[in-house]
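# Topology and contacts: notes
As a plain string of letters, each chain reads:
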Amino acid sequence: MELIDQSATRQDSTPQQVSYTIEIDPAKCVNCSLCVAFCPVEVFTEATATPQVAHPELCWGCETCAGQCPQGAIKVTATGGADPFSNREKAAPLPAERHELFAEWATTLKDILRLRWEPVAISLIPAGDPLPDVPIPAERLRYCQSLMAARRGRRLMLPANRHACPDGTSILGLTAMPAKLASGELYILFHKLDSIEAAQRMVHERPHLKPRTIDATVVTPLADAAAEPQVVAVFAQPEQIMWLCMSASYYTGHRFDFHASGYNAQCVETTLIPYTTGEPNISFGCYGCRASSDIGDDLMFMGIPVDLMPTVVRGLTELGKKAIPQSRAKIYLPPM
Ligand code: SF4
Ligand code: SF4
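Moving on, we get to the pairing of strand S8 (residues 231-236). Burial within S8 is extensive, with six of its six residues counted as buried. Bridge count between strand S5 (residues 120-126) and S8: three bridges; the pairing is antiparallel. Each bridged residue has a counterpart across the sheet, and for Ile-122 the counterpart in S8 is Val-231. Sheet topology note: the S8/strand S10 (residues 300-305) ladder contains six bridges and is antiparallel. Looking at S10, one finds that Val-234 is bridged to Met-302.

Quick look at the structure:
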């Protein structure tokens, strides 16, 4: 796995064609400088007693500054977001038989597991590849937010300038990583880890893709996939995830070593681990995705490499004949 490019500059990590205004209300500001410390890309300067917006062109629109400001003094507004792909070649639609297959997989998973949410097809579009016919939203979203929207039925293509989370965007290879994230400094400010050494270890042990090797993330309901997915994400309760684990090992008995940490859940744990290892992976979510989406506290996540899906669907179908209904009927429950 490639290590993060520690020499990334501010310009390297700035999404193209983003435009935001950042306003500080001087009547509310108490000059605590938390916005300066938390902004991952050094938009603010402390050259004066009151923080000033010195480099609005570097802003990602992540709203970390607004979220951390104890006074509610900061307002971040998107003022433009050009389509970076206006002249780009479009990909041919998926063949009908692939659509039918993905729809069949989705129906099997939903019916046997009784899933509430749509399984989601995830496609990372390599730089320069033709693009599927999926809308680019007007708003910017964190990657985890886009997955949560897709589980409800939305189809979303996010180039770098529609991604709102610097962490996920750089991990997924759309940009380089901002220096404050690569160094681990920001995780200490968030009180997520005990020391800079622990933060650096967490950063270095998580996988990431080489900067600018991916042009866009595409997420859609699996039944409505617009591009060949690399990973299928499932949002489910632990009992349902257990059956998926058993389905994946139904023919081999293989036990999985899951990579879960509570950091970077959707970008690393649900997406990149299955994408880079070819193994399914589970995630319990992370602070970021739980704070920025409507994920229920009872839900966890699984990313399944698409090549494993035929095995999972066949295994689940077998388990659905007897093992799942018997278990759900609590056939071994003793008399109370
Ligand atoms: S975080 Fe808020 S109160 Fe503190 S300096 Fe920045 S704008 Fe002012
Ligand atoms: S929205 Fe994010 S990138 Fe923009 S100024 Fe605030 S913290 Fe910095």
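Resuming the write-up.
Taken together, 13 residues are adjacent to ligand 2, and Cys-39, Cys-59, Cys-62, Glu-63 and Cys-65 come closest. When grouped by side-chain class, the residues that make up the shell around ligand 2 number ten nonpolar, two polar and one charged.

Inspection of the region around ligand 1 gives 13 residues, with Cys-29, Cys-32, Ser-33, Cys-35 and Cys-69 positioned closest. Residue classes in the shell around ligand 1 are distributed as ten nonpolar, three polar and no charged.

Okay, the nonpolar core next. With 43 residues, the main nonpolar core has Val-120, Ile-122, Leu-147, Val-219 and Phe-235 as its most contacted residues. It is helix H4 (residues 143-151) that contributes the most residues to this core, six residues altogether. Once you skip the residues sitting within four places of it in the chain, Ile-122 turns out to touch Tyr-143, Leu-147, Val-218, Val-219, Pro-229, Gln-230, Val-231, Ala-233 and Thr-271. Listed in part, the 31 residues of the second largest apolar core include Phe-102, Trp-105, Val-232 and Ile-324.

One pass over the structure, following the stated rule, counts twelve salt bridges. Lys-110 is the salt-bridge partner of Glu-118, the closest N and O atoms lying 2.7 Å from each other. Given the relative accessible area of 25%, Lys-110 is considered partly exposed. Lys-321 is the salt-bridge partner of Glu-318, the closest N and O atoms lying 3.0 Å from each other.

For helix H8 (residues 196-205), every residue scored as buried is listed here: Ala-199, Met-202 and Val-203. Axial view of H8: buried residues confined to an arc of 100°, hence all on one face. Opposite its buried face, H8 presents the exposed residues Glu-197 and Arg-201, each directed more than 90 degrees away. Elements in contact with the buried residues of H8: helix H6 (179-182) and helix H7 (185-189).

Conventions we followed
- Residues numbered from 1 in each chain as written.
- Chains lettered and ligands numbered in written order.
- Predicted model: local features only at pLDDT ≥ 70, side-chain atom pairs only at ≥ 80, totals over all residues.
- Heavy atoms only, no water.
- Buried < 20%, exposed > 50% of the residue type's maximum accessible area, 1.4 Å probe, protein only.
- Helix = DSSP H or I, 4+ residues; strand = E, 2+ residues; numbered from the N terminus.
- Pairing = 2+ DSSP bridges.
- Near = heavy atom within 4 Å.
- Nonpolar A, V, L, I, M, F, W, Y, C, P; charged D, E, K, R; others polar.
- Core = buried A, V, L, I, M, F, W, Y, C linked by side-chain atoms within 4.5 Å.
- Contact = heavy atoms within 4.5 Å.
- Salt bridge = Lys/Arg side-chain N within 4 Å of Asp/Glu carboxyl O.
- Arc of directions from axis to C-beta.

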